[in-house]
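Letter by letter, the chains look like this.
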Amino acid sequence: MTPEEIVDGQLAAYNARDLDAFLGYYVEDVPVHAFPSGEVLADRSGPAFRERYRALFDASPDLHAELVSRVTHGRIVIDQERVSGFQGDEVRPAVALYEVGETRIERVWFAV
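Residues numbered from 1 in each chain as written. Predicted model: local features only at pLDDT ≥ 70, side-chain atom pairs only at ≥ 80, totals over all residues. Heavy atoms only, no water.

Asker: Would you take a moment to explain the sheet that holds strand S5 (residues 105-111) for this structure?
Answerer: Within a sheet, adjacent strands bond to each other through the backbone by hydrogen bonds, running parallel or antiparallel. In space, the five strands of this open sheet follow the order S1-S5-S4-S3-S2, with mixed pairing throughout. Bordering the open sheet on either side are strand S1 (32-35) and strand S2 (64-73), each of which pairs with just one other strand. Along the sheet, successive strands turn relative to each other by an average axial angle of 25 degrees, direction set aside. As paired elements, S2 and strand S3 (residues 76-86) share nine bridges and run antiparallel to each other. Within S3, the position partnered with Ser69 by the bridge is Gln80. Along the sheet face, helix H1 (residues 3-16) touches S2, S3, strand S4 (90-100) and S5 and points at about 170 degrees away from the line of S2. (Pairing = 2+ DSSP bridges. Helix = DSSP H or I, 4+ residues; strand = E, 2+ residues; numbered from the N terminus. Axes fitted to C-alpha atoms, helices over the stretch in contact; angles between N-to-C directions. Contact = heavy atoms within 4.5 Å.)

Shown next, in the form of structure tokens:
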């Protein structure tokens, strides 16, 4: 799969709130960083990644991320998204930068 196909797969699994499928697109213990600082977000990285998304999917039955725009440069995929249904009626913009390996997402940065 191409980096874009891998990122598309995780987005579809996110929108389906299918935790196992979603996690299958990431390496185990994926590091998640703040952008632009690069700080590791301990509450979202590694073992916390699964629990964070389990809680999010459980609390947000209408969760949906709409892809607004994408830039791909080799193994790097940058998505701008509009996320709705986040713990209620809230709509928020999101930017995620994915570093994609051969078969999975190896590192993530979220604009904060």
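Now that the structure has been shown, we can carry on.
Asker: Quick question: what am I supposed to make of the nonpolar core here?
Answerer: Side chains of a nonpolar character, in soluble globular proteins, are inclined to be buried together. Counting 28 residues, the largest nonpolar core has Tyr14, Phe22 and Tyr53 as its most contacted members. Elements represented by at least two residues in this core include exactly H1, helix H2 (19-23), S1, helix H3 (47-59), S3, S4 and S5. When residues in this core are grouped by element, the largest group, five residues, is from H1. (Core = buried A, V, L, I, M, F, W, Y, C linked by side-chain atoms within 4.5 Å. Buried < 20%, exposed > 50% of the residue type's maximum accessible area, 1.4 Å probe, protein only.)

Asker: Would you mind going over a nonpolar patch on the surface with me for this structure?
Answerer: On the surface, Val71, Ile78 and Val95 cluster together into a nonpolar patch covering about 210 Å² of accessible area. Here Val71 lies in strand S2. (Patch = residues over 30% accessible without salt bridge, like charges linked within 9 Å, V, L, I, M, F, W, Y side chains within 5 Å. Areas by Shrake-Rupley, 256 points an atom, 1.4 Å probe, with all protein chains shown as cover. Salt bridge = Lys/Arg side-chain N within 4 Å of Asp/Glu carboxyl O.)

Asker: What's the story with the side chain of Gln10 in this structure? I'm lost.
Answerer: Topologically, Gln10 is positioned in helix H1. Judged by relative accessible area, which is 3%, Gln10 ranks as buried. Apart from residues no more than four positions distant in its own chain, Gln10 is found in contact with Phe22, Tyr25, Tyr26, Tyr98 and Ile105.

Asker: What is the right way to look at H1 in this model?
Answerer: What sets the pattern is the α-helix's 3.6 residues per turn: residues three or four places apart point alike. Taking 1.5 Å as the rise per residue, H1 with 14 residues should run 20 Å; its terminal C-alpha atoms sit 20 Å apart, in good agreement. Looking at H1, one finds that the buried residues are Ile6, Val7, Gly9, Gln10, Leu11, Ala13 and Tyr14. Elements that come into contact with the buried residues of H1 comprise H2, H3, S2, S3, S4 and S5. Following H1 by one or two positions, Arg17 has its phi on the positive side, about 55 degrees. (Expected span 1.5 Å × (residues − 1).)

Asker: Looking at this structure, I do not really get the pattern of salt bridges. What am I missing?
Answerer: One side chain can pair with another of opposite charge once the charged atoms of both are near each other. Overall, the coordinates contain ten salt bridges when judged by the stated rule. One salt bridge connects Arg82 with Glu66, and the closest N-O pair in it is separated by 3.1 Å. Taken together, the residues span a long stretch of sequence, with Arg82 in strand S3 and Glu66 in strand S2 at a distance of 16 residues. The exposure class assigned to Arg82 is partly exposed, which follows from its relative accessible area of 40%. Overall, Glu66 belongs to the partly exposed group, its relative accessible area being 38%. Across the salt bridge formed by Arg70 and Asp79, the nearest N and O atoms sit 2.6 Å from each other. By relative accessible area, which is 23% here, Arg70 ends up partly exposed.

In short, geometric facts, not functional conclusions.
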